[in-house]
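Chain by chain, the residues run as shown.
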Amino acid sequence: MLRIENVQTIDGEITTLTFESKEEQTINATGLTVFPALIDPHVHFRVPGGEHKEDWETGARAAIAGGVTTVFDMPNNTPPCTTLERVTEKKKLIEEQLERVGMPLRQYLYLGADETTVDEIEKVREQVIGIKVFLGASTGNLLIEKQETFERICELAARFGIVVAVHAEDEALMKKNKEAYSNVTDVSFHPKIRARNCALAALDRALAAAKKYGNRLYVLHASTMEEVAMVRSAKKEGVNVYMETTPHHLFLNESIYPALGTRAQMNPPLRTAADNEALWVGIADGTIDTIGTDHAPHTLAEKDLPYGTAPSGVPGIENYLALLLDAARKGVITYDKIVDLTRSNIERIFEIPSNNDSVLVDPALRKKIANEDQLTKCGWSPYDGMTLTGWPVYTILGNKVYKLS
Ligand code: DOR
Ligand code: ZN
């Protein structure tokens, strides 16, 4: 039996928790608060094909260090995860790697939609957490440009009860901007090329399709105030739509470009302080349902290439609970809301079973984020140098406790 004594619940009660275990172990958790372990519904763990950036051994270590025990992995691999066969192969690789590291991280996979494999949707419907649709190209070569194919995907998803998760940036509009800004070498042009109107145009198409076909629509990584407003009114109209934002779109904005350069380049891009604010309002009023880190590791050698060549994406899984706990301490968010965003809403939207995985946090622990301490294989964080108060100290996954350093 694993006993956690004197732990505080998020409602402020002091209690003892027990977990089934063959080993006898007692932890005195005085001063610690227990949260349900987090689900990160948006990670890129890079298997297969990008193992020099991340694999499931390093990914699992990073997840558990961040208080995360369940992840939903994205399909933009090499080759992309677009068929039942590839989903099955990928699952096997993941299970082997998790076995090797002895960390049974809970994982669900997305199917990647492409123009030629729409028929796979029916075959994989029991095997995947949803269908990922890139309405604008990002890392990898997945892309749905034809409206007709997108609508067919939504129709099939509605029929089989599968979530359609959209990367909402409109490819045609972005292409025009890329031509107009073809010579730029400064990352601060990134939000002008992948401009907010590109996000809005794609979201508009996605909402229209969800209205037409009735599929569950999950809007990935919302970055702008307008997207929040659009989803707020769509929800009022009764559209079956849910919205995710990321830690970097909440805690960072364009003003970080001079300090971080292409390390702060991701898709969709960082926006303005007013957008940060609107995302917090969207969280408070329930328009935004979830936080996904969009953990997208790339090596520093890759990230520090010139703008235009550097890949888009930042790691995030290790630090987002600490960012949220620090925000809670400052009165920006409540503990209950953190649980909604990182766990309960995700279980409800994606209809996955619950479990007793937990994370014990020390709300008073102050720690500085440093690149050299990161467990992700890419070995850096966009929050390097930031000091936060409130950190996970133990993660319990499948009744086994992991002490975090
Ligand atoms: O910044 C991003 N990085 N956005 C994406 O859509 C993909 C991701 C990646 O896989 O690197
Ligand atoms: Zn992503």
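Everything here concerns the structure above.
Residues numbered from 1 in each chain as written. Chains lettered and ligands numbered in written order. Predicted model: local features only at pLDDT ≥ 70, side-chain atom pairs only at ≥ 80, totals over all residues. Heavy atoms only, no water.

A. Just the packing of aromatic side chains, in detail. Taken as a whole and judged by the stated rule, the model has 7 aromatic pairs. A centroid spacing of 4.7 Å and a plane angle of 75° characterise the contact between Phe 45 and Trp 56, whose relative ring orientation is edge-to-face. With a gap of 11 residues between them, Phe 45 in the loop between strand E5 (38-43) and helix H1 (56-65) and Trp 56 in helix H1 connect regions that are remote in the sequence. When the ring of Tyr 218 is compared with that of Phe 350, the centres are 4.9 Å apart and the planes differ by 70°; the resulting orientation is edge-to-face. Of the two residues, Tyr 218 sits in strand E10 (residues 217-222) while Phe 350 sits in helix H14 (residues 335-350), which places them 132 residues apart along the sequence. (Phe/Tyr/Trp six-rings, centres within 6.5 Å; stacked < 30°, edge-to-face > 60°. Helix = DSSP H or I, 4+ residues; strand = E, 2+ residues; numbered from the N terminus.)

B. Summary view of helix H7 (residues 196-213). Between its first and last C-alpha atoms H7 spans 26 Å; for 18 residues at 1.5 Å apiece the expected length is 26 Å, and the two agree. Among all positions in H7, only Cys 198, Ala 199, Leu 200, Ala 202, Leu 203, Arg 205, Ala 206, Leu 207, Ala 209 and Ala 210 are buried. (Expected span 1.5 Å × (residues − 1). Buried < 20%, exposed > 50% of the residue type's maximum accessible area, 1.4 Å probe, protein only.)

C. Fine view of the sheet that holds strand E6 (residues 68-73). A sheet is described by the order of its strands in space; here 8 strands give the open sequence E5-E6-E7-E8-E9-E10-E11-E12, paired in parallel fashion. Only two strands of the sheet have a single neighbouring strand rather than two, namely E5 and strand E12 (290-291). Direction of pairing for E10 relative to strand E11 (residues 241-245): parallel, over a ladder of 4 bridges. Counted as the bridge partner of Tyr 218 is Tyr 242 from E11. On the sheet, helix H13 (residues 320-329) packs against E5, E6 and E12 and is oriented at approximately 120° with respect to E5. (Pairing = 2+ DSSP bridges. Contact = heavy atoms within 4.5 Å. Axes fitted to C-alpha atoms, helices over the stretch in contact; angles between N-to-C directions.)

D. Examining unusual backbone geometry more closely. With an omega of 0°, the peptide bond between Val 47 and Pro 48 qualifies as cis. Looking at where Pro 48 falls in the secondary structure, it is placed in the loop between E5 and H1. Pro 268 follows Asn 267 through a cis peptide bond whose omega is -5°. Along the chain, Pro 268 turns up in the loop between helix H10 (257-260) and helix H11 (273-284). Its identity as a non-glycine residue notwithstanding, Asn 6 has a phi of 60°, on the positive side. Residue position: Asn 6 is located in strand E1 (residues 2-8). In this structure, Asn 399 takes a positive phi of about 70° despite not being glycine.

E. Layout of the pattern of salt bridges. Using the criterion set out here, one finds 23 salt bridges in the structure. For Arg 100, the salt bridge is made with Glu 57, and the minimal N-O distance between the two is 3.0 Å. Of this pair, Arg 100 sits in helix H2 (residues 84-101) while Glu 57 is found in helix H1, placing the two residues 43 residues apart along the sequence. Classification of Arg 100 by relative accessible area gives exposed; the value is 59%. The salt bridge involving Lys 330 is made with Asp 326; its shortest N-O contact spans 2.6 Å. Relative accessible area serves as the criterion here: at 62%, Lys 330 is assigned to the exposed category. (Salt bridge = Lys/Arg side-chain N within 4 Å of Asp/Glu carboxyl O.)

F. Here's a closer look at the coordination of the zinc ion (ligand 2). Around the zinc ion (ligand 2), the protein contributes the donor atoms His 42 (NE2), His 44 (NE2) and Asp 294 (OD), at 2.0 to 2.1 Å from the metal centre. Mapping the donors of the zinc ion (ligand 2) onto the primary sequence yields the spacing H-x1-H-x249-D. With His 42 in strand E5 and Asp 294 in the loop between E12 and helix H12 (300-303), this pair connects stretches of sequence that are 252 residues apart. Here His 42 falls in the buried class, since its relative accessible area comes to 0%. (Donors = N, O, S within 2.8 Å, 3.2 Å for Na, K, Ca; no water.)

G. Here's a closer look at helix H4 (residues 147-160). An ideal rise of 1.5 Å per residue puts 20 Å on 14 residues; H4 measures up with 20 Å between its terminal C-alpha atoms. Each element contacted by the buried residues of H4 is listed here: helix H3 (120-124), strand E8 (130-134), strand E9 (164-167) and H7. Trailing H4 by a residue or two, Gly 161 shows a phi angle of about 70°, which is positive.

H. Spotlight on the pairing of strand E15 (residues 400-403). Relative to E15, strand E14 (residues 387-397) is paired through 4 bridges, and the arrangement is antiparallel. Bridging from a neighbouring strand, Ile 396 pairs with Val 401 of E15. Linking two consecutive strands that pair antiparallel, namely E14 and E15, is a turn of 2 residues; a positive phi of about 55° is found at Gly 398 within it.

I. Structural detail: the site of ligand 1. Looking at ligand 1, there are 13 residues lining it, with Arg 46, Asn 76, Ser 138, Thr 139 and Asn 267 nearest. The side chain of Asn 76 places a nitrogen or oxygen atom 2.8 Å from an oxygen atom of ligand 1. A distance of 2.8 Å separates an oxygen atom of ligand 1 from a polar atom in the side chain of Ser 138. For ligand 1, the protein covers 100% of the area, taking 290 Å² as the surface of the free molecule. A breakdown of the residues in the shell around ligand 1 according to their chemical character gives 3 nonpolar, 9 polar and 1 charged. (Near = heavy atom within 4 Å. Polar contact = N/O pair within 3.5 Å; in protein donor to acceptor, adjacent residues only side chain to side chain. Areas by Shrake-Rupley, 256 points an atom, 1.4 Å probe, with all protein chains shown as cover. Nonpolar A, V, L, I, M, F, W, Y, C, P; charged D, E, K, R; others polar.)

J. Summary view of the nonpolar core. In terms of nonpolar packing, the biggest core is built from 77 residues, with Leu 105, Ile 121, Val 133, Phe 150, Val 166, Ile 317 and Ile 333 touching the most fellow members. Not counting the four nearest positions on each side in its chain, Phe 150 is found in contact with Val 133, Leu 135, Ile 144, Val 164, Val 166, Arg 205, Ala 206 and Ala 209. The next biggest cluster of nonpolar side chains, apart from the first, holds 19 residues, and it includes Ile 193, Leu 252, Val 314 and Ile 369. (Core = buried A, V, L, I, M, F, W, Y, C linked by side-chain atoms within 4.5 Å.)

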